[in-house]
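Take a look at the letters that make up each chain.
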Amino acid sequence: MSSSIIISSFINGLTVGSIYALIALGLTLIFGIMKIINFAHGSLLMLGMYCSFWLFELFHLDPYLSIFINIPLLFAMGVLIQKLVINPVMAAPHYIQILVTVGLMLFLENVALMVFTRDLRSVIVIYQQWVFSWGSINIGFTRLAATILALILAALLFLMLKFTKFGKAIRATSQNKTGASLVGIPVQWIYLLTFGIGTACVGAAGAMLIPYYTLDPHIGLSFVLIAFITVVMGGLESFGGVFISGIVIGVAESLGALFMPGSMKMVVVFTIFILVILFSPLKNIKEQG
Amino acid sequence: MTDNRSNANRRFPWPAQVGLLMAVLVPLCLVPFFATEHIVSILIMMMLYAYLGSCWNILGGYSGYLPFGNGAFYGIGAYTSSLLFIKAGVTPWLGMWLGAVLSSLLALFIGLISFRFRLKGVLFAFITIAFAEICLQVAANVESFGGNIGVLIPLKGNHYSVYQSTNKAFFYYIILIMLAMIVLLTRLIEKNKIGVYLVAIREEERAAEALGVHSNRYKLYAFMMSGFFTALGGTFYAQYFMYIDPGLMFGFGASLEPVLRTIIGGAGTVWGPVIGSVVLEVLSEVTRSLFGEISGLHLAIYGLILILSCIYIPQGLATAITNLLKFPFLRKMEPF
């Protein structure tokens, strides 16, 4: 096996990883505030991808432009879900919170199955064929564009959390709910908006994935598992940590595909997943868990 | 709580309980003699899921640890007995025990590492999913396990000795016995100290440990039992349908379906899995007859019911009925 193949798949891993990181950022934002792991996160990603797909199919809207429709749409959906489904179980025992999001996942996935059928979907756009070559190393344009967009969005999210008053309120709520409400932060609103922002992240990620990813209603579970590994591995408070671990997972998956036959690459990912869960230094997620 | 319980027992002395049980069991035994084949097959699926739900309930319901990867055991049971039957000619009646032992060893392994590292809640749920997914990938990618296409079990005719029959009544009685056994086992667990320990772990693990409960040991026992009996269910499925594939046996759906039924019926109760299974099976039959075969419809409805029941009756139907009718039979076990 020549080294250029390995380098190519390494770079592919980097590009996939940055999308994973964006998805994981949404999950960690929601977990950080509400201490709920949203099993339906991957299903919301699936909805985001269908949204881009149909916008392209019906109105010939470029997938990258559909980001601007996906973000507000999924944001609204997240707010609605928080209000109707998550809020009523905020005080419930932990296993009820897990089950409610599992129910949500099941509902979204199968509604999508009913409405959009089992058919595999993908878009056909001209720039799918564009490839940047450097020596014998090739990178597709769609992957590169997705990476750059994911980086930009993650940076924007980071700046918002770090430097705006709203971001400060979010961080305060995640550190201490009672304290935050004592100093006058409307905690209920923060819940709603954070869930919306977390969901908007997968809306954007969906639009970036659709140019090079084949879509069906069942992709949600594998994405939520990967996002969860990324979160556990990266650390909850650490924005950079989540991003780096997303990239590590992407690279591991991509290199795993080189050395393992068929879909066995997922075995590599899941083995890493198990090891990460076992040896994670994150005591807080263990205690929350 | 103790007072409540003795009151309940006074109102429902054991002969009444046995009588009630007989009133349910005897008609169930006679069903295959007069019911149509369609009804028998619905009842078989209902009982299979009630059985699998009860297996899940041993750990998931009583101890509060939620394994979402019981598909791993289900699949191992089905694959072990079927592959032994096809490749070595071993009758599934023997093969199923080997599958069950393998499954409980896997449960032991998963349990040892996750309890050693004190994984709880979401982390435990996710690690069991990961193991089930690994099993799925292995089964789908290893050619001698049948790969993605799955395994077709050859029909040897009406040979009861190889766990085969063209008569549905045969399977009906097997699953009825299996279900009766697992319900009895759950009841025994509840009556014995292991049940009390598991409930104590669910309610406050550290306090239970401080009082001298070897929490890891009892969680392991429960998990291994759960894996063992789930595998027997897997063999039953393989012999009944005579076809298995990785997605059917190891997939997340296979893990989730029994869990859903148990939760909706009432986790941590003896009859919860049975009630949940009856309710959901009837519901899915009704939707099927109203709307025809739309793939995804009945699971979407399950999801909705799960959300609603988590919000409005988080303790499950069995407990809700108990509270409504003061019917002690379905009571959820509480810490004392």
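It should be emphasised that the depicted structure is a prediction, and the values quoted were computed from it without experimental measurement. (Residues numbered from 1 in each chain as written. Chains lettered and ligands numbered in written order. Predicted model: local features only at pLDDT ≥ 70, side-chain atom pairs only at ≥ 80, totals over all residues.)

**A few points about the overall build of chain A**
Each helix and strand counted, chain A has 12 helices and 2 strands in total. Relative to the globule expectation of 19 Å for 289 residues, the C-alpha radius of gyration of chain A, 19 Å, shows essentially globular dimensions. Its C-alpha atoms give chain A principal-axis dimensions of about 60 × 45 × 35 Å. Counting only residues that meet the buried cut, chain A has 49% of its 289 residues in that class. Restricting to contacts in chain A with at least 6 residues of sequence separation, those with at least 24 account for 77%. (Helix = DSSP H or I, 4+ residues; strand = E, 2+ residues; numbered from the N terminus. Rg over C-alpha atoms; globule rule 2.2 N^0.38 Å. Buried ≥ 20, exposed ≤ 12 C-beta atoms within 10 Å, placed from the backbone. Contact = placed C-beta atoms within 7 Å.)

**Considerations on the overall build of chain B**
From N to C terminus, chain B includes 14 helices and 2 strands. For chain B, whose C-alpha radius of gyration is 20 Å, the value lies close to the compact-globule estimate of 20 Å for 336 residues. If one aligns the C-alpha atoms of chain B with their principal axes, the spans along those axes are about 55 × 50 × 40 Å. Relative to its full complement of 336 residues, chain B shows a buried share of 50%. In chain B, the share of contacts with a sequence separation of at least 24, taken over all contacts with a separation of at least 6, comes to 76%.

**Here's the deal with the interface of chain B and chain A**
Chain B puts 36 residues into the contact, and the matching count from chain A is 37 residues. Secondary-structure elements contributing two or more residues to the side of chain B that touches chain A are α6 (121–141), α11 (252–265) and α13 (297–312) of chain B. Residues belonging to the side of chain B that touches chain A are distributed by class as follows: 26 nonpolar, 7 polar and 3 charged. (Nonpolar A, V, L, I, M, F, W, Y, C, P; charged D, E, K, R; others polar.)

**A short note on the pairing of strand β2 (residues 137–140) of chain A**
Residues and elements named next belong to chain A. Looking at chain direction, strand β1 (residues 131–134) and β2 are connected through 4 bridges and run antiparallel. The residue bridging W134 from the neighbouring strand is I137, located in β2. As consecutive antiparallel partners, β1 and β2 are separated by 2 residues, and within that stretch G135 has a phi angle of approximately 65°, a positive value. (Pairing = 2+ DSSP bridges.)

**Here we look at the environment of T262 of chain B**
Turning to its location among the elements, T262 of chain B is positioned in helix α11. Apart from residues lying up to four places away in sequence, T262 of chain B is in contact with G53, W56, N57, G60, G61, A267, G272, P273 and G276 of chain B.

**A short note on the nonpolar core**
Residues L22 and I23 of chain A together with L306 of chain B are the most contacted members of the largest nonpolar core, which totals 194 residues. The element best represented in this core is α6 of chain B, accounting for 15 residues. Not counting the four nearest positions on each side in its chain, L22 of chain A is found in contact with A150, L153, A154, C201, A204 and A205 of chain A. (Core = buried A, V, L, I, M, F, W, Y, C linked by C-beta atoms within 7 Å.)

**Let's talk about the confidence of the model for chain A**
Per-residue confidence for chain A gives a mean pLDDT of 86, with 96% of residues at or over 70. For chain A, helix α12 (residues 283–288) of chain A is the element with the lowest average pLDDT, namely 48, and helix α3 (residues 67–86) of chain A is the one with the highest, namely 94. (pLDDT = per-residue confidence, 0-100.)

**Some thoughts on α3 of chain A**
Residues and elements named next belong to chain A. Those residues of α3 lying buried are I67, N70, I71, L74, M77, G78, I81, Q82, V85 and I86. One side of α3 carries all its buried residues, which in axial view fall inside an arc of 140°. Of the residues in α3, the exposed ones pointing more than 90 degrees away from the buried face are F68, P72 and L84. (Arc of directions from axis to C-beta.)

**Some words on unusual backbone geometry**
Its identity is not glycine, yet H60 of chain A carries a phi of approximately 55°, on the positive side. Within the fold, H60 of chain A resides in the loop between α2 (41–59) and α3. You will see that Y163 of chain B, though not glycine, has its phi angle at about 65°, which is positive. Secondary-structure assignment places Y163 of chain B in the loop between β1 (151–152) and α7 (168–191). Judged by the 24 C-beta atoms lying within 10 Å of it, Y163 of chain B is buried.

**A look at α6 of chain B**
In an α-helix, one turn spans 3.6 residues; hence positions three or four apart end up facing the same way. Between its terminal C-alpha atoms α6 of chain B stretches 31 Å, which fits the 30 Å expected from 21 residues at 1.5 Å a residue. Along α6 of chain B, 19 of the 21 residues are buried, which leaves the element largely enclosed by surrounding structure. (Expected span 1.5 Å × (residues − 1).)

**Focus on the environment of V231 of chain A**
Residues and elements named next belong to chain A. Tracing the chain through its elements places V231 in helix α9 (residues 220–234). We classify V231 as buried; it has 29 C-beta atoms within 10 Å. A C-alpha to C-alpha distance of 21 Å links V231 and I96, two positions 135 residues apart in sequence.

**Points about the packing of helix α4 (residues 94–116) of chain A against α6 of chain B**
Between α4 of chain A and α6 of chain B, the shortest axis-to-axis distance is 9 Å and the interhelical angle comes to 45°. Our classification of the angle between α4 of chain A and α6 of chain B gives oblique. Residue-level contacts link H94, Y95 and I98 of chain A of α4 of chain A to G121, V122 and A125 of chain B of α6 of chain B. (Axes fitted to C-alpha atoms, helices over the stretch in contact; angles between N-to-C directions. Parallel < 35°, antiparallel > 145°, perpendicular 65-115°, else oblique.)

**Notes on the packing of helix α4 (residues 71–88) of chain B against helix α5 (residues 92–116) of chain B**
Residues and elements named next belong to chain B. Running from N to C, α4 and α5 cross one another at 145°; their axes reach a closest spacing of 8 Å. Handedness of the α4/α5 crossing: right-handed. Judged by residue contacts, A72, F73, I76, G77, T80, S81, L84 and F85 of α4 engage P92, G95, M96, L98, G99, A100, L102, S103, L106 and A107 from α5. The class makeup of the residues in the contact of α4 with α5 is 12 nonpolar, 6 polar and no charged. (Left-handed = near helix turned anticlockwise from the far one by under 90°.)

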